[in-house]
Amino acid sequence: MTVAPLPKRVDGLKLVEVNQQLTGAISSADLTRLAGIVRSSSPDVNCDVEFSRDEEHLRVLSGECSVGVVMECQRCLEDVSFTIEASFRLGLVLNDDQARALPKRLEPAELDEDGRLDLWETIEDELLLNLPDFPMHPQGECQAFKIEPEEDIAAEEEERPNPFDVLAQLKQK
């Protein structure tokens, strides 16, 4: 099954008025900020987005997207795979005043002066927010826990005289 590509820029105002739903994919190579953070990713980011009005008649962009990524495990420095899934509900605004007026439940997504939205950038932002802060394998799978400890070298060293023994002897006198 072929998934249609999502458009990069959309007319957010028009799509809200027709209650438009879009399902498609974005090539993960086109999301350069994400590509700069991960070692590799699946070829496509799969997305379902909807432009609508909520119960307060605010313009809303809601949706879900997912992509498989490979990152560096912070314990063993080997590759670790994740599926990044992002669900979002954003208020579409034209300026900072509208952004400040949004209810706390909505994060703003600013449209340009023509009412257009960079959909790829918005989706990339949501994916970046859902990346793990410290990517790691599950504890039982991580190579860092499978390394056998080296013998205790300090225990093998000869017993050296403590330079403070002289002070301890003087204190006893």
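Residues numbered from 1 in each chain as written. Predicted model: local features only at pLDDT ≥ 70, side-chain atom pairs only at ≥ 80, totals over all residues. Heavy atoms only, no water.

Participant: Please explain the overall build of the protein as it appears in this structure.
Facilitator: From N to C terminus, the protein includes 6 helices and 8 strands. Its helices and strands in sequence order give the protein the pattern β-α-β-α-β-β-β-β-α-β-β-α-α-α, from N to C terminus. Expected size for 173 residues packed as a compact globule is a radius of gyration near 16 Å; at 27 Å, the protein overshoots this value by more than 25%. With the C-alpha coordinates aligned to their principal axes, the bounding extent of the protein is approximately 95 × 45 × 25 Å. (Helix = DSSP H or I, 4+ residues; strand = E, 2+ residues; numbered from the N terminus. Rg over C-alpha atoms; globule rule 2.2 N^0.38 Å.)

Participant: Could you clarify how one ought to interpret unusual backbone geometry in this entry?
Facilitator: Backbone phi values are negative for most residues with the exception of glycine, while trans is the configuration of most peptide bonds. Within the chain, Asn-19 stands out as a residue other than glycine whose phi angle is a positive 50°. Asn-19 gets classed as partly exposed once you look at its relative accessible area, which sits at 42%. Within the chain, Leu-77 stands out as a residue other than glycine whose phi angle is a positive 65°. Residue placement: Leu-77 occurs in the loop between β5 (59-72) and β6 (79-93). (Buried < 20%, exposed > 50% of the residue type's maximum accessible area, 1.4 Å probe, protein only.)

Participant: In this structure, what is going on with the pairing of β5? I would like to understand it.
Facilitator: Remark: a regular strand shows side chains that alternate across the two faces of the sheet. Across 2 bridges, the pairing between strand β3 (residues 40-41) and β5 is antiparallel. The partner of Ser-41 across the bridge, within β5, is Val-69. The pairing of strand β4 (residues 44-53) with β5 spans 8 bridges and is antiparallel. Opposite Cys-47, over in β5, you have Cys-65 as the bridge partner. (Pairing = 2+ DSSP bridges.)

Participant: Honestly, helix α4 (residues 119-129) in this entry has me stumped. Any pointers?
Facilitator: Of the positions making up α4, those classed as buried are Leu-119, Trp-120, Thr-122, Ile-123, Glu-124, Glu-126 and Leu-127. Where α4 begins, the side chain of Asp-118 points an oxygen toward the backbone nitrogen of Trp-120, at a separation of 3.3 Å. (Polar contact = N/O pair within 3.5 Å; in protein donor to acceptor, adjacent residues only side chain to side chain.)

Participant: Quick question: what am I supposed to make of the nonpolar core here?
Facilitator: Soluble, globular proteins show a tendency: their nonpolar side chains are buried together. Counting 31 residues, the largest nonpolar core has Val-45, Phe-51, Leu-61, Leu-117, Leu-119, Ile-123 and Leu-127 as the members making the most contacts within it. Of all elements in the fold, only α1 (12-17), β2 (21-27), β4, β5, β6 and α4 reach the threshold of two or more residues within this core. In contact with Leu-117, other than residues within four places in its own chain, are Lys-8, Arg-9, Val-10, Phe-51, Leu-61, Leu-92, Ala-109, Glu-110, Leu-111 and Thr-122. (Core = buried A, V, L, I, M, F, W, Y, C linked by side-chain atoms within 4.5 Å. Contact = heavy atoms within 4.5 Å.)

Participant: How should I be thinking about the side chain of Asp-118 in this particular structure?
Facilitator: Positionally, Asp-118 belongs in strand β8 (residues 116-118). Reaching out from Asp-118, the side chain makes a polar contact with the backbone nitrogen of Trp-120 at a distance of 3.3 Å.

Participant: I would appreciate a short explanation of the pattern of salt bridges in the present structure.
Facilitator: Charged atoms that come close allow side chains of opposite charge to pair. Counting across every chain of the model gives 11 salt bridges. Taking the shortest distance from any N to any O, the salt bridge between Arg-33 and Asp-125 comes out at 2.6 Å. Of this pair, Arg-33 sits in helix α2 (residues 32-37) while Asp-125 sits in helix α4, placing them 92 residues apart in sequence. One connected set of salt bridges, linked through shared partners, spans Asp-54, Glu-55, Glu-56 and Arg-105. (Salt bridge = Lys/Arg side-chain N within 4 Å of Asp/Glu carboxyl O.)

Participant: Which parts of the structure should I look at to understand a nonpolar patch on the surface?
Facilitator: Together, Phe-164, Val-166, Leu-167 and Leu-170 give the surface a local cluster of nonpolar side chains, amounting to about 430 Å² of exposed area. Inspection of the secondary structure puts Val-166 in helix α6 (residues 165-172). (Patch = residues over 30% accessible without salt bridge, like charges linked within 9 Å, V, L, I, M, F, W, Y side chains within 5 Å. Areas by Shrake-Rupley, 256 points an atom, 1.4 Å probe, with all protein chains shown as cover.)

Participant: Explain the pairing of β4 here, please?
Facilitator: Pairing of β2 with β4 involves 7 bridges; the strand directions are antiparallel. Opposite Ser-27, over in β4, you have Asp-44 as the bridge partner. Between β4 and β5, which pair antiparallel one after the other, the connecting turn spans 5 residues, and His-57 there sits at a positive phi close to 65°.

Participant: Even after reading the chapter, I still don't get the environment of Ala-144, so can you show me in this structure?
Facilitator: Positionally, Ala-144 belongs in the loop between α4 and α5 (153-156). By relative accessible area, Ala-144 is classed as partly exposed at 30%. C-alpha of Ala-144 to C-alpha of Arg-75: the two residues are 69 residues apart in sequence and 5.9 Å apart in space. Setting aside residues no more than four positions away along its own chain, Ala-144 makes contact with Arg-75 and Cys-76.

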